[in-house]
Amino acid sequence: MSSISTTGLFYIIIFMDLGNPLGIMVMETLKYLLGIAGVSGFGSRSTAEEVTADCPNLRSITAVITGATSGIGFETARVLSMRGARLVLPARSLKAAQETSGRIKAEFPEADITVLPLDLSSLASVRTFVTRFESLNLPLNLLINNAGRFPHEYGLSEDGFDMTFATNYLGHFLLTKLLTRKMVDSAQESGIEGRIVIVTSSIHSWFSGDGFEFLRLLQDNKIAYDGTRVYAWSKLANVLHTKELADRLTKMKAKVRVNCVHPGVVRTGLTRDKDRFFTDLFFFLSSKMVKSIPQAAATTCYAATSPRLSGVSGRYFSDCNEACTSKRGADGIEASRLWTESEAMVGGIWSSVKYSIRPS
């Protein structure tokens, strides 16, 4: 703060007093850069270990974490294991998952970890994983939908869907749908609140238009492929999924909560691409904004374990504090429509209903 001039502070205070959007943006940026704690007691510089330091012992918790073989997912798995949780790690590569298990057990010898194969881009693989998980006769208290990919070229899944949309959203939609009953039953039998954490991104606000019409136009080669827009649509779908699922769980009177999180700007394997020069340049120029992996995993771990969030559902968190989604991400009609289309997609029938393109 000492590097900010008195005049600068004066204008910031005026902006805040007037509710000026620019002032709010400036203050939020300062809070981020300086790691100022929010109402949760944590901020952008808090780590996953720090936010779980006072959480209850997790020895009675069984957690499924997708994408745990590297990056944010690995740190999430490592810290939850440190706190005593039993882990089930799904992965496309069993070798990678076993190596992850070995790394965690080397640090925490008593860690209880099971690895199972799962390719989220394949609906058949998701169903097979759920069958295998259920055969273990374990409870399920925590589901963390963390896995994701950023596209560098157009590709279709074996089910005929855009690969990024299938991996980031649709596979997780089916996985969550098939595991919900297990989570509801586990919560009822144990008395422990079940939690679902969906990792999204602030980039969800970048998408405009109708998502399913966008995918149809891509498949019909009527528009040019835009990887960033595809990624943004998949992340908006994560946010809308959270909202609709929270509403459905509430109507079921289930003791299961679902929230989504933005981990922040972090360099992980997700950002590897062919244009390394531009990627390296971006991260060099934005180095003050980039989080470490332990910091990036903090919001996920906070949403998964914090006693403060008991009963809290359908919310969006950033820097370990509740934040606002885009206007589109808070649209209940949009969320319900997404659910209907998604059920048709995972059921093998892609609805032919055409929706008008709506402005963001």
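Calculation criteria
Residues numbered from 1 in each chain as written. Predicted model: local features only at pLDDT ≥ 70, side-chain atom pairs only at ≥ 80, totals over all residues. Heavy atoms only, no water. UniProt positions renumbered as here; feature names shortened; annotations may be inferred. Salt bridge = Lys/Arg side-chain N within 4 Å of Asp/Glu carboxyl O. Helix = DSSP H or I, 4+ residues; strand = E, 2+ residues; numbered from the N terminus. Buried < 20%, exposed > 50% of the residue type's maximum accessible area, 1.4 Å probe, protein only. Phe/Tyr/Trp six-rings, centres within 6.5 Å; stacked < 30°, edge-to-face > 60°. Lys NZ or Arg CZ within 6 Å of the ring centre and 35° of its normal. Polar contact = N/O pair within 3.5 Å; in protein donor to acceptor, adjacent residues only side chain to side chain. Contact = heavy atoms within 4.5 Å. Pairing = 2+ DSSP bridges. Axes fitted to C-alpha atoms, helices over the stretch in contact; angles between N-to-C directions. 1 Å grid on protein atoms, 1.4 Å probe; cavity = no way out; pocket = protein on both sides within 12 Å on 5 of 7 lines; lining within 4 Å. Points joined across faces, edges and corners; volume = space filled by probe spheres on them. Core = buried A, V, L, I, M, F, W, Y, C linked by side-chain atoms within 4.5 Å.

In the nomenclature of an unreviewed UniProt entry, the protein is known as Short-chain dehydrogenase/reductase family protein of Zostera marina. The record in UniProt for the protein states the following under Sequence similarities (unreviewed entry): "Belongs to the short-chain dehydrogenases/reductases (SDR) family."

**Focus: the pattern of salt bridges**
By the definition in use, this model includes 16 salt bridges. One salt bridge in this structure joins R78 and E75, with 3.0 Å as the shortest N-O distance. On the criterion of helical spacing, the pair formed by R78 and E75 is a turn pair, its members being three residues apart in helix α4 (residues 71-82). By relative accessible area, E75 is classed as buried at 8%.

**Quick notes on the packing of aromatic side chains**
For the structure shown, the criterion picks out 13 aromatic pairs. Taking the centre distance of 5.0 Å and the plane angle of 55 degrees together, the rings of F150 and Y231 count as tilted. Of this pair, F150 sits in the loop between β4 (142-145) and α7 (163-190) while Y231 sits in helix α9 (residues 227-251), and the two are 81 residues apart along the sequence. We classify F150 as partly exposed; its relative accessible area is 27%. By the ring-pair criterion, three or more aromatic residues cluster together here, those being F165, Y169, F173, F207, F212, F214, W233 and W339. Sitting over the face of the ring of F74, R103 holds its NZ or CZ atom 3.9 Å from the ring centroid. The ring of F214 carries R229 above its face, with NZ or CZ at 4.4 Å from the centroid.

**With respect to the side chain of N145**
Inspection of the secondary structure puts N145 in strand β4. Classification of N145 as buried rests on a relative accessible area of 2%. Polar contacts involving the side chain of N145 include one to the side chain of T176, which spans 2.9 Å. Other than its neighbours up to four places away in sequence, N145 contacts T66, H172, L175, T176, I196, V197, I198 and V199.

**Things to note about the sheet that holds strand β8 (residues 321-323)**
What the eight strands build is an open sheet, ordered β3-β2-β1-β4-β5-β6-β7-β8; its pairing is mixed. With partners counted over all chains shown, the strands left at the sheet margins are β3 (113-117) and β8, one partner each. Taking the axes of each pair of neighbouring strands and ignoring which way they run, one obtains an average angle of 25 degrees across the sheet. Taken together, the three bridges between strand β1 (residues 62-65) and β4 define a ladder with parallel strand orientation. Its bridge partner being in β4, I65 is matched across the sheet by I144. Relative to the sheet, α7 contacts β4, β5 (194-199) and β6 (256-262), its axis offset from that of β4 by approximately 165 degrees.

**Details of the layout of surface pockets**
The computed volume of the second largest pocket comes to approximately 280 Å³. Lining the second largest pocket are 15 residues; nearest its centre among them are I61, I192, E193, R195 and T305.

**Section: the environment of G311**
Within the element layout of this structure, G311 appears in the loop between α12 (298-305) and β7 (316-318). According to the relative accessible area criterion, G311 is partly exposed, its value standing at 44%. Considered as a pair, G311 and V258 are 53 residues apart in the sequence and their alpha carbons are 9.6 Å apart.

**Quick word on the nonpolar core**
Ranked by internal contacts, the top residues of the largest apolar core, which has 53 residues, are F129, F133, F165 and W233. When contributions to this core are tallied by element, the ones reaching two or more residues are α6 (123-135), α7, β5, α8 (211-219), α9, β6 and α13 (332-346). Ranked by residues supplied to this core, first place goes to α7 with eleven residues. Among residues more than four places away in sequence, those in contact with F165 are L170, F212, L215, W233, S234, A237 and M345.

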